[in-house]
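Structure assessment
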Amino acid sequence: MSSSNQSMGFEPWLKENQTIRYAAAFITLLIMCIGIVGNSLTILVILKSPRIRNVASAFIISLGAADLLFCIAVLPFNASRFLNINWIQYPVLCSIVPFFQYGNIGISLLFITMITINRYIMIVHSSLYSIVYRPIWITSMIILCIIISFGMLVPTLLGKFENDPKLGSCSIVSDESGRSSKFALFITGFIIPCIVIVCCYTSIFWVVHKSEQRMRRHQLSTQSDPTVTNMQSIKRKLSEWRITKMVLAIFLSFVLCYLPITITKTSDPDVQYPALLLIAYIMVYASACFNPIIYVIMNKQYRKAFKSVLSVGCCEKATKRVPVLRSISKRLQPHGKNQEDRGFGTTVSHVSSIALESLDHNNRISSL
């Protein structure tokens, strides 16, 4: 590709490459469909599955709703842009679409920050957890995130969005003095949340590492198997750590999706390499459908919840009954793995013998 073609801007480059344009539109529409289905299922699964419903799930529902809004309000217009449908010539759409796009970036990262702080308080300051996470405070946190993300864009919505031919989209423009709110939004909606998330995870890793060292020293000093209480504590910490790793994966995927567009716009303002800008755009769009995939891959409870919601009719009844029957059959085994199992088996045997004696007694009375 010649340098003259590289420097002509994103929109003219797309018009000259029709195959790439249609491929980009198809990928955008595919991401939109996956995002709508995945995020809708995530919200439905959390609402219908009490096992995975906790404080963090309130923020996960909010994050899913933000991604769903992005798929509905932003991606269709971006797909139409690739199809050379010039909606950007309409001032109203040129303000509304980027308003939701920029707002979604901020609100998604703020919700991820709230989830990270939730894991931080649960693991590092567990005594404060019940004080901080009350329904009124959780609702206030969600509302505050929405106000910060979209409230800062309200002045920008009033005449600060215009079409940028080089980028081929509507974006925030500079005022008469050359000043732009992009830098303030970048600091408030991206840099500060990232710093908070990194600090929280640093503290979490340190506390978990110290906790593992203490447990190893305790086991070596006692030279015996851990008690039931210690085992339950270890399992609970492992479960919390799995969820924490899932939240970390969500944050890393978010950074991976939005870092290319940030680097590209900063290092190539004249769009000399439009192909790189196109890849960066697709990465941003893909961020709306990554989270449900991460939930299913990294969390066993979410996988079970998705299966239970997607199953219907007799399949749903079978999945509910089989685990109960298996758990009862394991408890009825003569050599249980712990005292609780053996006690349950003894109780069942005792109840069965009483029932047989009662039946024999009734037969004798009827024969008389």
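Whatever comes next refers back to the structure up there.
Cut-off values and rules
- Here, residues in each chain are numbered from 1, in the same order as that chain's written sequence.
- Reporting in this predicted model follows two pLDDT cut-offs: at least 70 for local features of residues, and 80 or more for side-chain atom pairs to be given and counted; totals over whole chains, interfaces and linings ignore these cut-offs and use all residues.
- Excluding hydrogens and water, the side-chain values take into account all heavy atoms of the structure.
- The term disulfide is used for any two cysteine sulfur atoms that are within 2.5 Å.
- Think of it this way: any DSSP run of H or I at least four residues long counts as a helix, any run of E at least two long counts as a strand, and we number them from the N terminus.
- Classification of ring pairs rests on two measures: the distance between centres of Phe, Tyr or Trp rings, Trp counted by its six-membered ring, which must be within 6.5 Å, and the angle between planes, read as stacked under 30 degrees, edge-to-face over 60 and tilted in between.
- Note on classification: 1.4 Å probe, protein chains only; a residue is buried when its accessible area is under 20% of the maximum for its type, exposed when over 50%, partly exposed between these limits.
- Nonpolar side chains (Val, Leu, Ile, Met, Phe, Trp, Tyr) within 5 Å and like charges within 9 Å form the patches, drawn only from residues with over 30% relative accessible area and no salt bridge.
- Each accessible area is a Shrake-Rupley result for a 1.4 Å probe, and residues are judged covered by the shown protein chains and nothing else.
- For this document, the term salt bridge refers to a Lys or Arg side-chain nitrogen within 4 Å of an Asp or Glu carboxyl oxygen.
- To obtain each axis, a line is fitted to C-alpha atoms, and for helices this fit is confined to the stretch in contact; angles are then taken between N-to-C directions over 0 to 180 degrees.
- Every angle not falling under 35 degrees, over 145, or within 65 to 115 is termed oblique; those three ranges are roughly parallel, roughly antiparallel and roughly perpendicular.
- The hand of a helix crossing depends on one turn: near helix anticlockwise from the far one by less than a right angle means left-handed, and clockwise means right-handed.
- Residue contacts are counted whenever heavy atoms from the two residues lie within 4.5 Å of one another.
- For this scheme, ten residues count as nonpolar: Ala, Val, Leu, Ile, Met, Phe, Trp, Tyr, Cys and Pro. Four count as charged, namely Asp, Glu, Lys and Arg, and the remainder, Gly too, count as polar.
- Paired strands, as defined in this entry, are two strands with at least two bridges between them according to DSSP.
- Neither His nor the chain ends is counted toward charge; the positive residues are Lys and Arg and the negative residues Asp and Glu.
- To locate a charge, the coordinates of NZ of Lys, CZ of Arg, CG of Asp or CD of Glu are taken.

Applying the stated criterion across every chain yields a total of one disulfide. Here cysteine 94 engages in a disulfide with cysteine 170; their sulfurs sit 1.9 Å apart. Given an S-S torsion of about -110°, the disulfide between cysteine 94 and cysteine 170 has left-handed geometry. On the criterion of sequence distance, the pair formed by cysteine 94 in helix α6 (residues 91-124) and cysteine 170 in strand β2 (residues 169-172) is long-range, its members being 76 residues apart. No disulfide involves cysteine 71; its nearest neighbouring cysteine sulfur is the one of cysteine 289, lying 7.1 Å away.

Another aspect to go through is the packing of aromatic side chains. This model, assessed by the stated rule, comprises eleven aromatic pairs. Their ring planes at 35° and their centres at 6.1 Å tell us that phenylalanine 10 and tryptophan 13 sit as a pair that is tilted. With phenylalanine 10 and tryptophan 13 both in helix α2 (residues 10-16), this residue pair falls three residues apart, about one helical turn. Tryptophan 13 gets classed as buried once you look at its relative accessible area, which sits at 3%.

A few words now on a nonpolar patch on the surface. A surface patch of nonpolar side chains, about 370 Å² in accessible area, is lined by Phe26, Ile27, Leu30 and Ile34. With respect to the element layout, isoleucine 34 can be found in helix α3 (residues 18-48).

Looking now at the packing of helix α4 (residues 55-73) against α6. Two numbers describe how α4 lies on α6: the axes approach to 9 Å, and their chain directions differ by 165°. The pairing of α4 with α6 is recorded here as roughly antiparallel in orientation. The two elements α4 and α6 meet at a crossing, and its hand is left-handed. Across the interface between the two elements, Val55, Ala56, Phe59, Ile60, Ser62, Leu63, Ala66, Asp67, Leu69, Phe70 and Ala73 of α4 pack against Val97, Phe100, Gln101, Asn104, Ile107, Ser108, Phe111, Ile112, Met114, Ile115, Asn118 and Arg119 of α6. Of the residues assigned to the contact of α4 with α6, the class counts are 16 nonpolar, five polar and two charged.

Turning our attention to the pairing of β2. Pairing of strand β1 (residues 161-164) with β2 involves four bridges; the strand directions are antiparallel. Paired with asparagine 163 across the strands is cysteine 170, a residue of β2. Counting the residues that bridge the hairpin from β1 to β2 gives four residues, and of these glycine 168 lies at a positive phi of roughly 70°.

This part takes up the environment of methionine 152. Relative to the helices and strands, methionine 152 resides in the loop between α8 (135-151) and α9 (154-157). As for methionine 152 and glycine 103, which are separated by 49 residues in sequence, their C-alpha atoms are 8.7 Å apart.

With that settled, the discussion passes to the packing of α3 against helix α5 (residues 75-82). Two numbers describe how α3 lies on α5: the axes approach to 8 Å, and their chain directions differ by 165°. In terms of their interaxial angle, α3 and α5 are classed as roughly antiparallel. Taken as a pair, α3 and α5 cross one another with a handedness that is left-handed. Residues Arg21, Ala24, Ala25, Thr28, Leu29, Ile31 and Met32 of α3 form the contact with α5, whose own contacting residues are Leu75, Pro76, Ala79 and Phe82. In terms of residue class, the contact of α3 with α5 is made up of nine nonpolar, one polar and one charged.

The next thing to look at is a positive patch on the surface. Side chains of Arg51, Arg242, Lys245, Lys300, Arg303, Lys304 and Lys307 sit close together on the surface and give a patch of like positive charge. Counting only elements with at least two residues in the positive patch, the list comes to α11 (228-267) and α13 (300-310). With four residues, the single largest contributor to the positive patch is α13. Relative to the helices and strands, arginine 303 is located in helix α13. A relative accessible area of 31% means that arginine 303 is categorised as partly exposed.

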